[in-house]
Amino acid sequence: KNIASFALDMRGHFQSTTKLNGKRTYWQNYTEKTFTKYPNDINTVLAFLNEHYVALDMNRVGIVGADISANAAILVANKNKNLIDTLVLISPTMQFKGLKTSEALMNYGNHPVAIIVTKTDTHHYKDAVLLEKYAEGVVELKTTKTGGTGDNIIKLNPEINDFIVDWFVKNL
């Protein structure tokens, strides 16, 4: 469907747990100061893609973020309204580890936003319903019956992948 994708392991997650000095680092041990660097990490990747992958159409960019990466994606989109056309947020929250989202999502303006959350995850579901009200563009709240939070939603509900691709086809 002519969509390129790039997966970013946020610092302290999955394979991004080893520092250059060989020491291991895990997000559970991070301070709020480290978490507030996540949006900058995403901006760095976007700049890298723009510079090194000239075949990519950087005029049509969407971000998928799960859990704290969803919060970071909102902050990145707010600061890059002319670059980020749409968001898919999986288990976003109003605030986590210093990444506050409501005002940033409202300021993101008239951009389409999809929010995916599991109904049985009451904390994320409650925050998703609140965030839905802050989005000023087209917003779709997609709920699943199972999956817990973040990328587990996709693992336990593989049809969500089709929803995400269709969202980008429609909104990019």
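Placed above this text is the structure.
Residues numbered from 1 in each chain as written. Predicted model: local features only at pLDDT ≥ 70, side-chain atom pairs only at ≥ 80, totals over all residues. Heavy atoms only, no water.

**Student:** I'd like to hear about the nonpolar core, residue by residue, with values.
**Tutor:** One finds Ile84, Leu87 and Leu89 to be the most contacted residues of the largest nonpolar core, which totals 29 residues. Counting residues per element, this core draws most heavily on helix α3 (residues 68–79), which supplies eight residues. Ignoring anything within four residues of it in the chain, the contact list for Leu87 reads Ile63, Ala73, Ile74, Ala77, Tyr108, Pro112, Val113, Ala114 and Trp167. If you look at the next biggest cluster of nonpolar residues, it comprises 10 residues, including Ile90, Ala114, Ile164 and Trp167. (Core = buried A, V, L, I, M, F, W, Y, C linked by side-chain atoms within 4.5 Å. Buried < 20%, exposed > 50% of the residue type's maximum accessible area, 1.4 Å probe, protein only. Helix = DSSP H or I, 4+ residues; strand = E, 2+ residues; numbered from the N terminus. Contact = heavy atoms within 4.5 Å.)

**Student:** Outline the sheet that holds strand β2 (residues 84–90), listing residues and values.
**Tutor:** In spatial order, the strands read β1-β2-β5-β6; together these four strands make up an open sheet with parallel pairing. Across the chains shown, the open sheet's two edge strands, defined by having one partner strand only, are β1 (61–66) and β6 (139–144). The sheet shows a mean angle of 15 degrees between the axes of neighbouring strands, direction not considered. Bridge analysis of β2 against strand β5 (residues 113–118) gives four bridges, and the strand direction is parallel. (Pairing = 2+ DSSP bridges. Axes fitted to C-alpha atoms, helices over the stretch in contact; angles between N-to-C directions.)

**Student:** Can you explain the side chain of Asn78? Please cite residues and give values.
**Tutor:** Assignment of secondary structure puts Asn78 in helix α3. Assessed through its relative accessible area of 13%, Asn78 is described here as buried. If near-sequence neighbours (up to four positions away) are discounted, Asn78 is found in contact with Ala104, Asn107 and Tyr108.

**Student:** Kindly report on the environment of Ser69, identifying the contributing residues and their values.
**Tutor:** Within the secondary structure, Ser69 sits in helix α3. Take Ser69: its relative accessible area is 18%, and that puts it in the buried class. Spatially, the C-alpha atom of Ser69 lies 9.8 Å from that of Phe35, the residues being 34 residues apart in sequence.

**Student:** Outline the pattern of salt bridges, supporting the account with residue identities and numerical values.
**Tutor:** A complete count under the given rule lists two salt bridges for this structure. A salt bridge links Asp151 to Lys155, with the nearest nitrogen and oxygen atoms 3.6 Å apart. Taken together, the positions of Asp151 and Lys155, both in helix α6 (residues 151–156) and four residues apart, correspond to about one turn of that helix. Judged by relative accessible area, which is 57%, Lys155 ranks as exposed. (Salt bridge = Lys/Arg side-chain N within 4 Å of Asp/Glu carboxyl O.)

**Student:** Can you explain the packing of helix α2 (residues 38–52) against α3? Please cite residues and give values.
**Tutor:** At a closest axis distance of 8 Å, the pairing of α2 and α3 adopts a crossing angle of 65 degrees. Between α2 and α3, the angle is such that the two are roughly perpendicular. Considering how the two elements wind past one another, α2 and α3 form a crossing that is right-handed. Every residue of α3 that contacts α2 at Tyr38, Pro39, Ile42, Asn43 and Leu46 is listed here: Ile68, Ala72, Ala73, Leu75 and Val76. Split by residue class, the contact of α2 with α3 holds nine nonpolar, one polar and no charged. (Parallel < 35°, antiparallel > 145°, perpendicular 65-115°, else oblique. Left-handed = near helix turned anticlockwise from the far one by under 90°. Nonpolar A, V, L, I, M, F, W, Y, C, P; charged D, E, K, R; others polar.)

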